[in-house]
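Residue-level structure breakdown
Residues per chain, in single letters:
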Amino acid sequence: MKLPSGTDTLPLRQHLATLARYNLWATRRLFEQVDGLSDADYRRDAGLFFKSVHGTLNHLLVAEHLLWLRRFSGGESPRVALNDEVETDRVRLRERLTESAHAWQPFIDTCDPARFGSMMDYTTTKGVAMSLPFAATLAHVFNHATHHRGQITAAITMMGHPCPEIDLVWMLQAERRSS
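Throughout what follows, the structure given in this document is the object of discussion. (Residues numbered from 1 in each chain as written. Predicted model: local features only at pLDDT ≥ 70, side-chain atom pairs only at ≥ 80, totals over all residues. Heavy atoms only, no water.)

Points about empty space enclosed by the protein
Applicable threshold: Put simply, the grid is 1 Å and covers the protein atoms alone, a cavity is a trapped set of points that fit a 1.4 Å probe, a pocket is an open set with protein on both sides within 12 Å along at least five of seven lines, and lining residues have an atom within 4 Å of a point. Grid points are joined across faces, edges and corners, and a volume is the space filled by probe spheres set on the points. Strands here mean DSSP runs of E at least two residues long; helices mean DSSP runs of H or I at least four residues long; both are numbered from the N terminus.
Scanning all chains against the criterion turns up 1 cavity of 30 Å³ or more. Approximately 50 Å³ is the volume found for the largest cavity. Along the walls of the largest cavity sit Thr27, Leu30, Phe31, Leu57, Leu60, Glu64, Leu97, Ala145 and Arg149, which together make up its complete lining. Elements supplying a minimum of two residues to the lining of the largest cavity: helix 1 (10-34), helix 3 (53-74) and helix 5 (134-158).

Topic: the packing of aromatic side chains
Quick reminder of the rule: Side-chain rings of Phe, Tyr and Trp (the six-membered ring for Trp) are treated as a pair once their centres are within 6.5 Å; stacked means planes under 30 degrees apart, edge-to-face means over 60, and tilted covers the remaining angles. The rule for a charge over a ring is simple: NZ of Lys or CZ of Arg within 6 Å of the ring centre, and within 35 degrees of the ring normal.
Counted under the stated rule, the structure contains 10 aromatic pairs. Among the aromatic side chains, those forming a connected cluster through ring pairs are Trp68, Phe72, Trp104, Phe107, Phe116, Tyr122, Phe134 and Phe142. Sitting above the plane of the tryptophan 68 ring, arginine 71 keeps its charged end 4.5 Å from the centroid.

Re the pairing of strand 2 (residues 129-133)
What counts here: Following DSSP output, two strands are said to pair if at least two bridges run between them.
When strand 1 (residues 119-123) meets strand 2, the two strands line up antiparallel, connected through 5 bridges. Following the sheet pairing, tyrosine 122 is matched in strand 2 by methionine 130. The antiparallel pairing of strand 1 with strand 2 creates a hairpin that spans 5 residues between the two strands, and glycine 127 there sits at a positive phi of about 85 degrees.

Description of the side chain of aspartate 41
Heads up, the condition is: Polar contact criterion, stated in full: a pair of N or O atoms within 3.5 Å, where within protein one must be able to donate a hydrogen and the other to accept it, and residues adjacent in sequence count only if both atoms are side-chain atoms. Any two residues whose heavy atoms approach within 4.5 Å at even a single point are treated as in contact.
Within the fold, aspartate 41 resides in helix 2 (residues 39-43). Here histidine 161 takes part through its side chain, which lies 2.8 Å from a polar atom of the side chain of aspartate 41. Once residues within four sequence positions are removed from consideration, aspartate 41 is found in contact with Met159 and His161.

Re the layout of surface pockets
As a reminder, the rule being used: In the scheme used here, Gly and all other residues not listed as nonpolar or charged are polar, with Ala, Val, Leu, Ile, Met, Phe, Trp, Tyr, Cys and Pro taken as nonpolar and Asp, Glu, Lys and Arg as charged.
Within this model, the largest pocket holds a volume of roughly 170 Å³. In terms of lining residues, the largest pocket is bounded by His59, Ala63, Leu67, Trp68, Arg71, Leu82, Tyr122, Thr124, Thr125, His140 and His144. Put simply, the parts of the chain that give the lining of the largest pocket at least two residues each are helix 3 and helix 5. It is helix 3 that contributes the most residues to the lining of the largest pocket, 5 residues altogether. Grouping the constituent residues of the lining of the largest pocket by class yields 5 nonpolar, 5 polar and 1 charged.

As far as function goes, none of this settles anything; it's purely spatial.
Dropping the structure here:
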């Protein structure tokens, strides 16, 4: 899938940049509540796909940083399991997830406009060669994080703790108020 020659990629770049800002904003907001959880609640099996809040956050670090950011920025295709616990310490996990979320904006800002209409070639974690539309796959990274943050907020709510509003429109409203 290639964008037609002469297609203006600026709106697409702006949209992906908004998703990157949202990813960072929502990650920070989520941790406002996650940081207050007891270690027992943080690590208990809450019935999530990656079991606990900790397991799901580790999965986000694996997917967002170890896999997708390296695929997009360096053309690497690391072989790591999606459920690997790559960070045992919860404070360091928060720091690494925030750093990873922060790295997407400069990547998008400096990305060659032609890439937005190109294909993304990589190797899956199972060793299968794959080629997908670059921009749609990049949007997937942010959608994927939103999916798992939703799981975490549901688990935290079921544990009886409050959760922040982390919908995209809340970020847009906050940006509008601060401008």
